[in-house]
Amino acid sequence: MEIIVSSVIGGQIVAEVGMERVLHQLIIEMRKSLKKQFANNSFDGLDKTKINIYVSGDVSEYCTKSGITKCRYLREKKEIISEFCIDRYYWTSEPLLDVKRKFLLFIEDSFVDLGVCIKKKLKSEGYDFDSEVFKEMVVKSLIEL
């Protein structure tokens, strides 16, 4: 299955200068790890997953609540399109963690939610999607980070 991850960071995300560069590098590493993990795996009814990650900052705000803001299934293309969004207050909310750990926590939770969304969408199309296998693949790729 092909997995495509793109991201937009809306400026400075925390008071500490340069953390958006750390986050950008982490997203690049995550993208590589996910592509590698999903490259030789397939799911019936799903050939491609596109994920857009929006991170609100001090310049641009993309959402008021962190989580999945969109999850669409394109039957003809056998493709899921999803948007993950991090609001500007996410970084200072509980639990208080460094940027890397907080981001990985968000990504893991979002992929669990995405797995549930994909399962519902594919089930309505007559496919049996194993969201636990999907989750395990994501967790394996995140462990590499």
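Computed from a predicted structure; not experimentally measured.

**Student:** How would you explain the overall build of the protein chain if you had to name every residue and give the values?
**Tutor:** In terms of regular secondary structure, the protein chain is built from 3 helices and 4 strands. Listed by position from the N terminus, the elements making up the protein chain come as β-α-β-β-β-α-α. For the protein chain, whose C-alpha radius of gyration is 15 Å, the value lies close to the compact-globule estimate of 15 Å for 145 residues. Projected onto its principal axes, the C-alpha positions of the protein chain cover 50 × 30 × 25 Å. Counting across all 145 residues of the protein chain, residues that qualify as buried make up 43%. Considering only contacts within the protein chain whose residues lie at least 6 apart along the sequence, 70% involve residues at least 24 apart.

**Student:** Tell me about the pattern of salt bridges, and name the residues and values.
**Tutor:** Once their charged atoms are close, side chains differing in charge can pair, the charge on each being opposite to the other. Counted by the stated rule, this structure contains 8 salt bridges. A salt bridge links Arg88 to Glu61; its shortest N-O distance comes to 3.4 Å. In this pair, Arg88 is assigned in the loop between strand 4 (79–86) and helix 2 (99–124) and Glu61 in the loop between strand 2 (48–55) and strand 3 (67–74), connecting sequence segments 27 residues apart. Where Glu83 meets Lys70, a salt bridge forms, and the shortest distance between an N and an O atom there is 3.9 Å. Of this pair, Glu83 sits in strand 4 while Lys70 sits in strand 3; the two residues are 13 residues apart in sequence, bridging distant segments of the chain.

**Student:** Residue-level account of the pairing of strand 1 (residues 2–9), with values.
**Tutor:** As defined by bridge partners, strand 1 adjoins strand 2 across 8 bridges and the pair is classed as parallel. Paired with Ile3 across the bridge in strand 2 is Thr49. Regarding topology, helix 1 (residues 19–38) serves as the crossover connection from strand 1 to the parallel strand 2, and that connection is left-handed.

**Student:** Now, about the confidence of the model for the protein chain: what can you tell me, with residues and values included?
**Tutor:** Residues with a pLDDT of 70 or more make up 100% of the protein chain, whose mean pLDDT is 93. No element of the protein chain has a lower mean pLDDT than helix 3 (residues 131–143), which averages 90, and none a higher one than strand 4, which averages 98.

**Student:** How would you summarise the packing of helix 1 against helix 2 if you had to cite specific residues and measurements?
**Tutor:** Interhelical geometry of helix 1 versus helix 2 gives an angle of 40° and a closest axis separation of 10 Å. Taken together, the axes of helix 1 and helix 2 are oblique relative to one another. Remark: the crossing between helix 1 and helix 2 carries right-handed chirality. Every residue of helix 2 that contacts helix 1 at Met19, Leu23, Leu26, Ile27, Met30 and Leu34 is listed here: Val99, Lys100, Phe103, Ile107 and Phe111. For the contact of helix 1 with helix 2, the class distribution of residues is 10 nonpolar, no polar and 1 charged.

**Student:** Lay out the environment of Ile9 in plain terms, naming residues and giving numbers.
**Tutor:** Relative to the assigned elements, Ile9 resides in strand 1. Ile9 gets classed as partly exposed once you look at its relative accessible area, which sits at 24%. Along the sequence, Ile9 and Thr92 sit 83 residues apart, while their C-alpha atoms lie 17 Å from each other.

The rules behind these values
- Residues numbered from 1 in each chain as written.
- Predicted model: local features only at pLDDT ≥ 70, side-chain atom pairs only at ≥ 80, totals over all residues.
- Heavy atoms only, no water.
- Helix = DSSP H or I, 4+ residues; strand = E, 2+ residues; numbered from the N terminus.
- Rg over C-alpha atoms; globule rule 2.2 N^0.38 Å.
- Buried < 20%, exposed > 50% of the residue type's maximum accessible area, 1.4 Å probe, protein only.
- Contact = heavy atoms within 4.5 Å.
- Salt bridge = Lys/Arg side-chain N within 4 Å of Asp/Glu carboxyl O.
- Pairing = 2+ DSSP bridges.
- Right-handed = clockwise from strand over helix to strand, strands pointing away.
- pLDDT = per-residue confidence, 0-100.
- Axes fitted to C-alpha atoms, helices over the stretch in contact; angles between N-to-C directions.
- Parallel < 35°, antiparallel > 145°, perpendicular 65-115°, else oblique.
- Left-handed = near helix turned anticlockwise from the far one by under 90°.
- Nonpolar A, V, L, I, M, F, W, Y, C, P; charged D, E, K, R; others polar.

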